Amino acid sequence: MLGYWKGQPVMVMDVVAETMPMRARISLRQAMFMVDEKLQALAGRAAQVLSWDRDHRYCSRCATPLQPMPHERARTCPACQLAFYPRINPCIIVLVTRGDAMLLAQGVRFIQPFFSCLAGFIEAGESAEEALHREVFEEVGLRVSELQYFRSQPWPFPHSLMLGYHATYLSGELRPDPAEIVEARWFEPDAPMVLPPAGSLARALIDAHLLRVRYNGTRG
Ligand SMILES: [Zn+2]
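Reading the values: rules and limits
Residues numbered from 1 in each chain as written. Predicted model: local features only at pLDDT ≥ 70, side-chain atom pairs only at ≥ 80, totals over all residues. Heavy atoms only, no water. Helix = DSSP H or I, 4+ residues; strand = E, 2+ residues; numbered from the N terminus. Contact = heavy atoms within 4.5 Å. Pairing = 2+ DSSP bridges. Patch = residues over 30% accessible without salt bridge, like charges linked within 9 Å, V, L, I, M, F, W, Y side chains within 5 Å. Areas by Shrake-Rupley, 256 points an atom, 1.4 Å probe, with all protein chains shown as cover. Salt bridge = Lys/Arg side-chain N within 4 Å of Asp/Glu carboxyl O. Buried < 20%, exposed > 50% of the residue type's maximum accessible area, 1.4 Å probe, protein only. Domains from an automatic or database assignment. Polar contact = N/O pair within 3.5 Å; in protein donor to acceptor, adjacent residues only side chain to side chain.

Draft legend 1. Layout of the environment of Ile 88. Mapping Ile 88 onto the fold places it in the loop between β5 (83–84) and β6 (89–98). Sequence spacing of Ile 88 and Ser 160 is 72 residues, and the spatial spacing of their C-alpha atoms is 5.7 Å. Not counting chain neighbours up to four residues away, the residues in contact with Ile 88 comprise His 159 and Leu 161.

See below:
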């Protein structure tokens, strides 16, 4: 049981792909950009619950088969009582601005050649803000300030929770890390650019900045 959609309970089940008619199949990545946020969240939760279910059959401490925990989406080890919850990996995603201009980058792992916000995983023991400063410096060599939390988005590829921020350029010269970034550039709001798909948090961060520039002038 995942939640409710239009008042009806929604379940998730693993089906063999061959038993589904071709027209009924769609990749999760495609689906994420075609539906509204509520359905997006359900689809993401479904994928994460299924992969967690497949990957957490045995206790990682003592190898005993796990048992479902009553009343919780979790499993427990009957031998050593270790509990296992679905994993979530928090990431930061940040739109850095300098006046009206936005810093957008094309990552080496992007499937399509669009420009997007900078992003990275939060490491153990790090706050979201520390991760943001570290990632921006590692990826493009800049220092930023005036961090403003925007909102978050679960992103099931495979277990991310994206925390979205706006930040303002403080100092440094653009120096993209070739291991992470194909190209990073400052884009003025009216510059031609291929943006991340609608429905992504990156696009929402960019749209919010563009709207602010258009109606209120430069931020701050
Ligand atoms: Zn155990």
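Draft legend 2. Up close: the sheet that holds β5. An order of β3-β4-β5 is seen for the three strands of this open sheet, with the pairing classed as antiparallel. Two strands close off the open sheet at either side, each with one partner strand: β3 (67–68) and β5. Where strand β4 (residues 75–76) lies against β5, two bridges are found, and the strand directions are antiparallel. Among the inter-strand pairings, Thr 76 is bridged to a residue of β5, identified as Ala 83.

Draft legend 3. Seen up close, a nonpolar patch on the surface. A surface patch of nonpolar side chains, about 360 Å² in accessible area, is lined by Met 1, Tyr 4 and Met 11. Taking relative accessible area as the criterion, Met 11 reaches 59% and is therefore assigned exposed.

Draft legend 4. Geometry of the domain arrangement of the chain. Taken as a whole, the chain is organised into domain 1 (3–84) and domain 2 (89–216). Contacts between domain 1 and domain 2 engage ten residues on the former and 13 residues on the latter. The tally of links from domain 1 across to domain 2 stands at zero salt bridges. There are zero residue pairs in polar contact (both at pLDDT 80 or more) connecting domain 1 and domain 2. Only α1 (28–32) and α2 (37–55) provide two or more residues apiece to the side of domain 1 that touches domain 2. Looking at the side of domain 1 that touches domain 2 element by element, the count peaks at six residues for α2.

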